[in-house]
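An overview of the molecular structure
Each chain is listed here by its residues.
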Amino acid sequence: MDPIDLRPHHLIDVVTDFGFDEEPEYEPAPGENGVRALVRLLGRGLDHPARFVVGPDFVCGPCSHLRPDRRCDRILEHHDPPQAMDDYNDPLDRRILAALDLAAGAVMPIREFLEMLDERMPGFESVCTHPGQTQATRREGIINGLCTLGVRRES
Ligand code: SF4
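Because the structure is a prediction, the values reported are computed rather than measured.

As a further point, take unusual backbone geometry. Cis geometry marks the peptide bond from Asp-80 to Pro-81; its omega dihedral reads 0°. Note on placement: Pro-81 falls in the loop between β3 (75-76) and β4 (83-84). Met-121 connects to Pro-122 through a cis peptide bond whose omega is -5°. By secondary structure assignment, the location of Pro-122 is in the loop between α4 (110-119) and α5 (125-128). The backbone of Arg-70 shows a phi angle near 75°, a positive value even though the residue is not glycine. Turning to its location among the elements, Arg-70 is positioned in the loop between β2 (49-52) and β3. Note on Arg-70: 10 C-beta atoms within 10 Å, which makes it exposed.

Once that is clear, we can look at the site of the ligand. Residues in contact with the ligand, as listed here, are Asn-33, Pro-56, Val-59, Cys-60, Cys-63, His-65, Leu-66, Cys-72, Arg-74, Met-85 and Asn-89. For the shell around the ligand, the residue count by class is seven nonpolar, three polar and one charged.

With that out of the way, let us pick up the pairing of β2. Of the two faces of β2, only one is covered, namely that formed by Ala-50 and Phe-52; the face formed by Pro-49 and Arg-51 stays uncovered. Of the strand pairs in this sheet, strand β1 (residues 4-6) and β2 are connected by three bridges, and their pairing is parallel. Each bridged residue has a counterpart across the sheet, and for Leu-6 the counterpart in β2 is Phe-52. As defined by bridge partners, β2 adjoins strand β5 (residues 106-109) across four bridges and the pair is classed as antiparallel. Bridging across to β5, Pro-49 finds its partner in Pro-109.

Spatially, three strands are ordered β1-β2-β5 in an open sheet, and the strand pairing comes out mixed. Two strands close off the open sheet at either side, each with one partner strand: β1 and β5. Across the sheet, the axes of successive neighbouring strands diverge by a mean angle of 35°, strand direction being ignored. Packed onto the sheet, α4 meets β2 and β5 and runs at close to 95° relative to β5.

Another point: the nonpolar core. The biggest cluster of nonpolar side chains holds 23 residues, and the ones touching the most others in it are Leu-6, Leu-11, Ile-12, Val-15, Phe-52, Phe-113 and Leu-114. Apart from residues no more than four positions distant in its own chain, Phe-113 is found in contact with Leu-11, Ala-50, Phe-52 and Met-108.

Criteria and cut-off values
Residues numbered from 1 in each chain as written. Predicted model: local features only at pLDDT ≥ 70, side-chain atom pairs only at ≥ 80, totals over all residues. Helix = DSSP H or I, 4+ residues; strand = E, 2+ residues; numbered from the N terminus. Buried ≥ 20, exposed ≤ 12 C-beta atoms within 10 Å, placed from the backbone. Near = placed C-beta within 6 Å. Nonpolar A, V, L, I, M, F, W, Y, C, P; charged D, E, K, R; others polar. Pairing = 2+ DSSP bridges. Axes fitted to C-alpha atoms, helices over the stretch in contact; angles between N-to-C directions. Contact = placed C-beta atoms within 7 Å. Core = buried A, V, L, I, M, F, W, Y, C linked by C-beta atoms within 7 Å.

Here is the structure:
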């Protein structure tokens, strides 16, 4: 299996936000990002290898916001001050990789990454909570997702 590129925070967001019971037949709209494809992939198992990147990934691939120069055109208007998506995402993903002692480009099965995350929970939410989220919400979402995926035994 070839590795898929993943921004680490995209994987953590999917673990936090999805129940892994998405309809397998779900057809994404044209230009929709690859979040649901990632949900489906995780729902089939965690052995798929991923290359953890700081840049556009499996989720960005089909997204209409990804420009031909591989930059994201979204502006996060709700940030104070408003911020280009890449200017928010890139430091966040570097912080997450550093906190896991990983270099950008590290390749491993998705399960291994999630086990590293699990070892640091609770606590890791302080590295990856988004503006507008509380750390408690992020913590609960990550732990619930890890339990649902069978990486963590109890919440
Ligand atoms: S909005 Fe930007 S960062 Fe988000 S999936 Fe689309 S291209 Fe990627």
